[in-house]
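# Tertiary structure, described
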Amino acid sequence: MEAGGDTAAPAPGDAEDLEDLRLPSEEAGDGGGTHENPLDPGDTGLEGTGPETKDQPPDLLSPLPQSETPSEVPSCTCGLWGPAASETSPMGGPESGSGGQGGDPSDEDWRSKRKHVFVLSEAGKPIYSRYGSVEALSATMGVMTALVSFVQSAGDAIRAIYAEDHKLVFLQQGPLLLVAVSRTPQSAAQLRGELLAVHAQIVSTLTRASVARIFARKQNYDLRRLLAGSERTLDRLLDSVERDPGALLLGAVRCVPLARPLREALGTLLRRCTAPGLALSVLAVGGRLVTAAQERTVLAECRLDPADLQLLLDWVDAPAFAAGEAWAPVCLPRFNPDGFFYAYVARLDAMPVCLLLLGTNPEAFHDMATCRRLVEEGMHSLGAMRALEEAASFSHDPSTNAPAYSVQAVGAPGLRHFLYKPLDIPDHHRQLPQFTSPELEDPYSREEERQRLSDLYHRLHSRLHSASRPLRLIYHVAEKETLLAWVTSKFELYTCLSPLVTKAGAILVVTKLLRWVKKEEDRLFIRYPPKYSTPPAAPAASTDQASHNGLFTGP
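All of these numbers come straight from a predicted model, not from anything done at the bench. (Residues numbered from 1 in each chain as written. Predicted model: local features only at pLDDT ≥ 70, side-chain atom pairs only at ≥ 80, totals over all residues. Heavy atoms only, no water.)

### Comments concerning the overall build of the chain
Along the backbone of the chain there are 13 helices and 20 strands. Sequence separation of at least 24 residues holds for 68% of the intrachain contacts in the chain that already meet a minimum separation of 6. Working note: accessible area of the chain is about 23,800 Å², and carbon and sulfur atoms make up 52% of it. (Helix = DSSP H or I, 4+ residues; strand = E, 2+ residues; numbered from the N terminus. Contact = heavy atoms within 4.5 Å. Areas by Shrake-Rupley, 256 points an atom, 1.4 Å probe, with all protein chains shown as cover.)

What follows is the structure, encoded as structure tokens:
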């Protein structure tokens, strides 16, 4: 059951008011009623839009674009896929990625995968496939190209096809075509967000200008030559979306839970260690942010998009950077899709703590290495290494060193897991969006259960942010758990509760959770970002000073 409406919500600091909340009745009208079986807007058919300009550059400082409500055209069926595999069929694992063998659409194991992602050129040249070999899928990708060309010949652009329990989502980005084929509960907009993340990963390696220039010279160029070795990076990206959807779903980054004095001391340390052309300094553990410092002289008046920062965090968490130090170019697609930064990446003291220094000088490796030694010495003197090592060692998952905390720390019986994103950041402390969530524990320690919880979160997010009928509050009783999703002007919250929790009990649990978040917010989030490493220029007016003192400040 889902309920929506304009029920006033308390701030985390006023969580006691939640006890008086009454969920909207099941007889609510269209303004925010209840739905037993919410459906996607269009279970079958084809979505289309009007004529679109190809290779239109996105806003460099904007968040991830959201798809507009597409126009509907008569339904159709598609011959790309045969009968759908059952929902209980085995899920694909990382070993079944693009580097594996097989991939013939007649292969039952390949067809049993819940979601496929394909990247190909406008000429139909295969570039990437999430499962199987791209060579074996050349005919399938040719059909995709034919579909896109056929719709384009009519002056339209194909966006999605609904065929039985499958969704086929198409995304055209310049000379590249990205396609997702899914039978998961994800909406077309959510799948399109994944495709945008895959495209951003490709652009981070080659830049958008280079890709456009290559295909302008030779339309049937095999881009795999330049992306050799990047397939595993794309596989890991899609795996992380399946297992831990919070970052992409909420458009935010996750911070390492850390005492505020220590985080501020680390931020001060980064600001003191500068080098010629240094633009951004980042400390991370297990793909999660500890703190960062930005150079005004290089990134003046610019706001780093959370998608770019998450791309960097995932990038430095790759096995290639597991030890030693590295120097490599990297493009930030949201900041500037046509240029490179030069990244110095180093593991500190043979630990999972990673230092990332982003600069504009291709000859600054030795200067960056000097910065690394200063940061390492400073962290030892602060005792930060021990604190970060303890945070990283909490995780029960042997496959990750990501720092986490237990849901038991909240002290709310019946609470199993949650995603929380604060939205009440003051204007004079503008910063990147952040979220927090505990480690997944029993009964979500197995991969199948994690996947099922991820599906539930995607379904709730889709209903809350529906383009046709958005909701503010959803209370849903599932077979194995109870879920409550809530979005207000101050926070966005998704909670997973015990199946035995009543509606009144769920309200009490959320009350305790909001109080706990308010108490721990200085440890869970970067509430007051550090200033720039170099002294800021004198503001034009005193009213502008406050808006220029934050991390990743926007204009």
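### So, the sheet that holds strand β19 (residues 482-487)
Whether parallel or antiparallel, the strands of a sheet pair through hydrogen bonds between backbone atoms. Pairing is antiparallel in the open sheet, where four strands are placed in the order β16-β20-β19-β18. Across the chains shown, the open sheet's two edge strands, defined by having one partner strand only, are β16 (415-422) and β18 (473-477). Mean inter-strand twist for the sheet, computed between neighbouring axes without regard to direction, equals 5°. Two elements, β19 and strand β20 (residues 491-497), share six bridges in a ladder whose sense is antiparallel. Along β20, the bridge assignment pairs L484 with T495. Here helix α13 (residues 503-524) sits on the sheet in contact with β16, β18, β19 and β20, set at roughly 125° to β20. (Pairing = 2+ DSSP bridges. Axes fitted to C-alpha atoms, helices over the stretch in contact; angles between N-to-C directions.)

### Side note on the pairing of strand β7 (residues 157-163)
Regular strands have side chains that alternate between both faces of the sheet. In terms of burial, β7 is a largely internal element, seven of the seven residues being buried. The turn linking β7 back onto strand β8 (residues 166-173) is made up of two residues, and E164 within it adopts a positive phi angle of 55°. (Buried < 20%, exposed > 50% of the residue type's maximum accessible area, 1.4 Å probe, protein only.)

### With respect to the packing of aromatic side chains
The tally for this structure, following the rule as stated, stands at eleven aromatic pairs. Geometrically, the ring pair formed by Y420 and F525 is tilted, given 6.2 Å between the ring centres and 40° between the ring planes. Highlighted residues: Y420 in strand β16 and F525 in the segment after α13, separated in sequence by 105 residues. Each member of the pair, Y420 as well as F525, carries the same accessibility label: buried. Through successive ring pairs, a cluster of aromatic residues spans W327, Y342, Y344 and F365. Lying across the ring of Y131, K113 places its NZ or CZ 5.2 Å from the centre. (Phe/Tyr/Trp six-rings, centres within 6.5 Å; stacked < 30°, edge-to-face > 60°. Lys NZ or Arg CZ within 6 Å of the ring centre and 35° of its normal.)

### Describing the environment of E520
Along the polypeptide, E520 turns up in helix α13. Taking C-alpha positions, E520 is 9.9 Å from R260, a pair spaced 260 residues apart along the chain. Polar side-chain contacts of E520 include one of 2.9 Å to the side chain of R523. (Polar contact = N/O pair within 3.5 Å; in protein donor to acceptor, adjacent residues only side chain to side chain.)

### Overview of unusual backbone geometry
Following D442, the chain continues into P443 via a peptide bond in cis, with omega recorded as 10°. The topology assignment puts P443 in the loop between β17 (434-435) and α12 (447-464). In the Ramachandran plot, E164 falls in the positive-phi region, its phi being about 55° despite a non-glycine side chain. Mapped onto the elements of the fold, E164 is located in the loop between β7 and β8. At T207, a position not held by glycine, the phi torsion is positive, near 75°. Along the chain, T207 turns up in the loop between α3 (188-206) and α4 (208-217).

### Observations concerning the environment of S406
By the secondary structure assignment, S406 is in the loop between α11 (384-392) and β16. Take S406: its relative accessible area is 13%, and that puts it in the buried class. Taking the C-alpha atoms as reference, S406 lies 9.1 Å from S437; in sequence the two are 31 residues apart.

### As for the pattern of salt bridges
Scanning the entire structure with this criterion turns up 22 salt bridges. Across the pair R243 and E447 runs a salt bridge, and its minimum N-O distance is 3.2 Å. Taken together, the positions of R243 in helix α5 (residues 231-243) and E447 in helix α12 put the pair 204 residues apart, joining distant regions of the chain. Taking the relative accessible area as the measure of exposure, R243 reaches 34% and is therefore partly exposed. Assessed through its relative accessible area of 31%, E447 is described here as partly exposed. (Salt bridge = Lys/Arg side-chain N within 4 Å of Asp/Glu carboxyl O.)

### Remarks on α3
In a regular helix each residue adds 1.5 Å, so 19 residues correspond to 27 Å; α3 covers 27 Å between its end C-alpha atoms and thus fits that length. Here α3 lies mainly inside the structure; 17 of its 19 residues are buried. (Expected span 1.5 Å × (residues − 1).)

### Some remarks on the pairing of strand β12 (residues 288-294)
Of all seven residues in β12, seven are buried, a share of seventy percent or more. By the bridge criterion, six bridges tie strand β11 (residues 278-285) to β12 in an arrangement that is antiparallel. Bridge assignment links A284 to a residue of β12, and that residue is L289. Counted between consecutive antiparallel strands, the loop separating β11 from β12 contains two residues, among which G286 sits at a positive phi close to 60°.

### Brief notes about the environment of V198
Within the secondary structure, V198 is located in helix α3. Given a relative accessible area of 0%, V198 falls into the buried group. With 81 residues separating them along the chain, V198 and V117 place their C-alpha atoms 9.0 Å apart. Discounting chain neighbours no more than four positions away, the residues touching V198 are V117, V119, L178, L234, L237 and L238.

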